[in-house]
Amino acid sequence: MPRAAGSAPCLCTRWIPKETSNLYKIQFHNVKPECLDAYNSLTEEVLPKLHSDADYPCDLVGNWNTWYGEQDQAVHLWRFSGGYPALMDCMNKLKQNKEYLDFRKERSHMLLSRRNQLLLEFSFWNEPLPRKGPNIYELRTYKLKPGTMIEWGNNWARAIKYRQENQEAVGGFFSQIGELYVVHHLWAYKDLQSREETRNAAWRKRGWDENVYYTVPLIRTMESRIMIPLKISPLQ
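What you see is a predicted model; the values in this text were computed from it and never measured.

**Q** Requested: an account of the layout of surface pockets, with residues and values cited.
**A** Computed from the structure, the largest pocket encloses a volume of approximately 520 Å³. Lining the largest pocket are 28 residues, and of these Lys 25, Gln 27, Leu 94, Tyr 100 and Arg 104 lie nearest its centre. Listed by contribution, the elements that provide at least two residues to the lining of the largest pocket are β1 (22–31), α1 (36–52), β3 (73–81), α2 (83–94), α3 (98–108) and β4 (111–121). Class assignment of the residues belonging to the lining of the largest pocket gives a composition of 15 nonpolar, 7 polar and 6 charged. Of the voids in this model, the second largest pocket is the one considered here, and its volume is about 280 Å³.

**Q** Please set out the nonpolar core residue by residue, giving values where relevant.
**A** By size, the foremost hydrophobic cluster in this structure holds 26 residues, and its most contacted members are Leu 47, Leu 50, Trp 78 and Phe 80. Elements that contribute at least two residues to this core include exactly β1, α1, β3, α2, α3 and β4. In terms of residue count, α1 provides more of this core than any other element does, 6 residues in total. In contact with Phe 80, not counting residues within four places along its chain, are Ser 21, Asn 22, Leu 23, Lys 25, Pro 57, Cys 58, Ala 86, Leu 87 and Cys 90. Counting residues in each nonpolar core, the second largest holds 23 residues, with Phe 124, Tyr 162, Ala 169 and Val 183 among its members.

**Q** Tell me about the pattern of salt bridges, residues and numbers included.
**A** Scanning all chains against the criterion turns up 11 salt bridges. Here Glu 168 ties to Arg 163 by a salt bridge, and the two come within 3.1 Å at their closest N and O atoms. With relative accessibility at 2%, the residue Glu 168 sits in the buried group. If you follow the salt bridges from partner to partner, you end up with Glu 138, Arg 140 and Arg 195 in one network.

**Q** I'd like a rundown of the packing of aromatic side chains, residues and numbers included.
**A** In the structure shown here, the tally under the stated rule is 14 aromatic pairs. For the pair Phe 122 and Phe 174, a centre-to-centre distance of 4.9 Å together with 45° between the ring planes defines the contact as tilted. With Phe 122 in the loop between β4 and β5 (136–144) and Phe 174 in strand β6 (residues 169–177), this residue pair connects regions lying 52 residues apart in the sequence. Residue Phe 122 shares its accessibility class with Phe 174, and that shared class is buried. With 5.0 Å between their ring centres and 85° between their planes, Tyr 213 and Tyr 214 make a pair best called edge-to-face. Taking relative accessible area as the criterion, Tyr 214 reaches 8% and is therefore assigned buried. One aromatic cluster in this structure is built from Trp 125, Tyr 142, Trp 152, Trp 156, Tyr 162, Trp 187 and Trp 208. Stacked on the ring of Phe 28, the Lys or Arg Arg 115 has its end atom at 4.3 Å from the ring centre.

**Q** Describe empty space enclosed by the protein, naming the residues involved and giving the relevant values.
**A** Applying the stated rule across the entire model yields 1 cavity of 30 Å³ or more. There is about 30 Å³ of room inside the largest cavity. For the largest cavity, the full set of lining residues is Ile 26, Trp 64, Leu 77, Leu 119, Leu 139, Phe 173, His 184 and Leu 186. Of the residues assigned to the lining of the largest cavity, the class counts are 7 nonpolar, 1 polar and no charged.

**Q** Quick rundown of the sheet that holds β3? Include the residues and the values.
**A** Strand order in the closed barrel made by the 8 strands is β1-β3-β2-β8-β5-β7-β6-β4, with antiparallel pairing throughout. Neighbouring strand axes in the sheet, compared pairwise and without regard to direction, differ in orientation by 35° on average. Two strands pair when backbone bridges link them, and β6 and strand β7 (residues 182–189) are joined in this way by 5 bridges, in the antiparallel orientation. Its bridge partner being in β7, Phe 173 is matched across the sheet by His 184. Here helix α4 (residues 149–159) sits on the sheet in contact with β5, β6, β7 and β8 (219–229), set at roughly 25° to β7.

**Q** Give a detailed account of the UniProt feature "domain: NIPSNAP" (unreviewed entry) in the protein chain, specifying residues and quantitative values.
**A** UniProt marks residues 137–234 with the feature "domain: NIPSNAP" (unreviewed entry), using the numbering shown here. Taken end to end, residues 137–234 is 32% helix and 37% strand, and its first and last C-alpha atoms sit 13 Å apart.

**Q** Describe the confidence of the model for the protein chain, with residues and values.
**A** Per-residue confidence for the protein chain gives a mean pLDDT of 91, with 92% of residues at or over 70. Confidence drops under a pLDDT of 50 for residues 1–12, and excluding neighbours within four residues, the segment shows 22 contacts in the predicted structure.

**Q** Describe in detail the side chain of Glu 44, supporting the description with residues and values.
**A** Note that Glu 44 resides in helix α1. Residue Glu 44 is classed as buried on the basis of its relative accessible area, which comes to 19%. Only 3.3 Å separates the side chain of Glu 44 from the backbone nitrogen of Lys 231, close enough to count as a polar contact. For Glu 44, the contacting residues outside a window of four places in its chain are Leu 230, Lys 231 and Ile 232.

Reading the values: the criteria
- Residues numbered from 1 in each chain as written.
- Predicted model: local features only at pLDDT ≥ 70, side-chain atom pairs only at ≥ 80, totals over all residues.
- Heavy atoms only, no water.
- 1 Å grid on protein atoms, 1.4 Å probe; cavity = no way out; pocket = protein on both sides within 12 Å on 5 of 7 lines; lining within 4 Å.
- Points joined across faces, edges and corners; volume = space filled by probe spheres on them.
- Helix = DSSP H or I, 4+ residues; strand = E, 2+ residues; numbered from the N terminus.
- Nonpolar A, V, L, I, M, F, W, Y, C, P; charged D, E, K, R; others polar.
- Core = buried A, V, L, I, M, F, W, Y, C linked by side-chain atoms within 4.5 Å.
- Buried < 20%, exposed > 50% of the residue type's maximum accessible area, 1.4 Å probe, protein only.
- Contact = heavy atoms within 4.5 Å.
- Salt bridge = Lys/Arg side-chain N within 4 Å of Asp/Glu carboxyl O.
- Phe/Tyr/Trp six-rings, centres within 6.5 Å; stacked < 30°, edge-to-face > 60°.
- Lys NZ or Arg CZ within 6 Å of the ring centre and 35° of its normal.
- Pairing = 2+ DSSP bridges.
- Axes fitted to C-alpha atoms, helices over the stretch in contact; angles between N-to-C directions.
- UniProt positions renumbered as here; feature names shortened; annotations may be inferred.
- pLDDT = per-residue confidence, 0-100.
- Polar contact = N/O pair within 3.5 Å; in protein donor to acceptor, adjacent residues only side chain to side chain.

Laid out in structure tokens, this is it:
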């Protein structure tokens, strides 16, 4: 059971940022409803070329359409191995890539809005590696109170062990540029019923309720998206 209100949680596990040069970019594209199929086709034609071209220091991690949550939305997650220098190298090369510039111009007619964030990984989460499907993915987004990121990380460094049995933990990230004090947890499930059973099983494990007890007060808002992978997504 959780400790009484006002008592301090054990900080025997300390979260520290992962020693990695990986930088992630997450993109949210809100697409005109009548254009979603065309947007997906265009995306599936162009983005894999960047992923497979060794001259571009970027890799596709995952590509999805939101199924439950904000409708007619595409979500893309990129990895830049080499951090900010790799990001800038990629951006400068894309400015000279005519096919990509034509892609952006055509894509712009299909979008209602778009936004992005630059992210780092939590040290205690799994590295998001390609996986076979079929799966559905849940992106849980938490907007935290300023100044609480270390406390969040300390709690989740202990809590993640309760969510590994079914290999559902895909990746955990926190924002560096864009809206700040934002955390994204990415989970994979066979289907919605599997998601329900896996989440319920966590509540039967001693210690999980304590994690919830201490992290809920850190949150300003939270959001859950259920997402379906595109054909090009390494996370299927």
